[in-house]
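Chain by chain, the residues run as shown.
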Amino acid sequence: MYDFAYHKPATVADAVKLLADPDAKAVSGGHTLLPALKHRLNKPSALVDLSGIAEMKGIKRVGNAIVIGALTRHVEVANSAEVKAAIPALAYMASHIGDVQVRNRGTMGGSVSNNDPAADYPGAVLGLGATIHTSKRKIAADDFFLGMFTTALEADEILTAIEFPIPDKAGYAKMKNPASRYVMAGVFVCKTGGAVRVAVNGAAPCVFRQADMEMALSANWSAEALAGIKQDAEGLNGDIHGSAEYRAHLVGVMAKRAIAAAG
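Since we're looking at a predicted model, the values are computed, not measured.

Considering the sheet that holds strand β5 (residues 65-69)
The strands making up a sheet associate through backbone hydrogen bonding, with each pair oriented either parallel or antiparallel.
So, step 1. Here 5 strands make up an open sheet; going across it, the order is β4-β5-β10-β6-β7 and the pairing antiparallel. The sheet is open, and its two edges are formed by β4 (59-62) and β7 (138-140), each paired on a single side. In this sheet, adjacent strand axes meet at a mean angle of 25° when their direction is disregarded.
So, step 2. Examined bridge by bridge, strand β6 (residues 131-134) and β7 share 3 bridges and lie antiparallel to one another. Looking across to β7, one finds that His133 is bridged to Lys138.

Some points on the pairing of strand β13 (residues 195-201)
It is a general feature of regular strands that their side chains alternate between the two faces of the sheet.
So, step 1. Of all 7 residues that make up β13, 6 are buried, and the element is covered over most of its length.
So, step 2. Pairing geometry for strand β12 (residues 183-192) and β13, over 7 bridges, is antiparallel. The partner of Val189 across the bridge, within β13, is Val198.
So, step 3. Remark: 2 residues form the turn of the hairpin made by β12 and β13, two consecutive strands paired antiparallel; Gly193 in that turn has positive phi of roughly 65°.
So, step 4. With 2 bridges joining them, β13 and strand β14 (residues 208-209) adopt antiparallel strand pairing. In the sheet register, Val200 faces β14, and the bridge partner there is Phe208.

Points about the pattern of salt bridges
A side chain with one charge can pair with a side chain of the opposite charge if their charged atoms come near.
So, step 1. Evaluated as defined, the whole model comprises 9 salt bridges.
So, step 2. In this structure, the salt-bridge partner of Lys174 is Asp120, at a minimum N-O distance of 3.1 Å. With Lys174 in strand β11 (residues 169-176) and Asp120 in the loop between α7 (108-114) and α8 (121-127), this residue pair connects regions lying 54 residues apart in the sequence. Accessibility assignment for this pair places Lys174 and Asp120 in one class, buried.
So, step 3. In this structure, the salt-bridge partner of Asp156 is Lys136, at a minimum N-O distance of 3.0 Å. Here the residue Asp156 occupies a position in the loop between β9 (150-151) and β10 (159-165), and Lys136 occupies one in the loop between β6 and β7, the gap between them amounting to 20 residues.
So, step 4. By relative accessible area, which is 26% here, Asp156 ends up partly exposed.
So, step 5. Note on Lys136: relative accessible area 45%, which makes it partly exposed.
So, step 6. Connected via shared salt-bridge partners are Asp142, Arg197, Arg209 and Glu214.

Criteria and thresholds
Residues numbered from 1 in each chain as written. Predicted model: local features only at pLDDT ≥ 70, side-chain atom pairs only at ≥ 80, totals over all residues. Heavy atoms only, no water. Pairing = 2+ DSSP bridges. Helix = DSSP H or I, 4+ residues; strand = E, 2+ residues; numbered from the N terminus. Axes fitted to C-alpha atoms, helices over the stretch in contact; angles between N-to-C directions. Buried < 20%, exposed > 50% of the residue type's maximum accessible area, 1.4 Å probe, protein only. Salt bridge = Lys/Arg side-chain N within 4 Å of Asp/Glu carboxyl O.

Shown next, in the form of C-alpha cells:
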C-alpha cells in the first residue's frame, strides 16, 4: 500500500520548501523512483512532482552556450534546432537514449541528478565541461559527479538547468546493452581551441575523464592518436553482460568512433 503525500509545486522556491522534509522525494520523469516505489525499495513521506515548474523547462542560446532546463525531455533535446546547430553531438546523444517511450518521458535534469553509471547525459555534461545551475548555486561539471548515484547536490537542492559551452568539435559513441539499451561503455569527446576533454560513461561506477586520451588528442586530433592508449580495467564495472576487461577494450573502440563522429 502506498502511503505518501503528493505535491505539485509551481515554482522552484515552493519545491525547495517541500523538499526540506528529509523523507520527501522529488520526481520528474520517474524512471528510477517509480520502479523503486513499486518494489518497496523507497518509502518517501511525500512526492514532490516538479513537472509543473515552467521556469525549469526549455532550451535557449545564451552567448556562446546552450542552456537547457532540467525538465526538458530527451525528445526535445534531440529535436531542438538550437542544439542541432550548436552541439550536434548532444542532440545525437539525446536521440539514442533508451527507446521512444523513455525519450518522451525522461528529463535531462532527472538523468543527471540521478547519476546512474549507465546513463548517457553525464558523459556530455563532463565531456563539454558544463555548468550545473541549481536552486542555490552553480557547480562545475568536474565537481558535480562524486560516485555511483551520488552527486554534489544537497538534500534540499534542485538542479534547475545545465549550461553547455559550445565547442569547436564534439562527438559521442556508445556500446549499449542490446536488451536494456543501457550504456556498457560510452565516450564523449570535445575540442575547444587547444583544450580537449574526453569523458567515459557506462564503463565505471561513475563517469570520469580519460586524461591519457585528452593529452594525446591535444597533440593530434585523430583516431590514430589513440592507437597506443589502453584503458586500465581496474575499477571498471564487471557483470554478466561484460567483464571489466571487455569494458576497458570498449572504451578505446568508442573513443575512436567518437573522434570519427566529431570530424
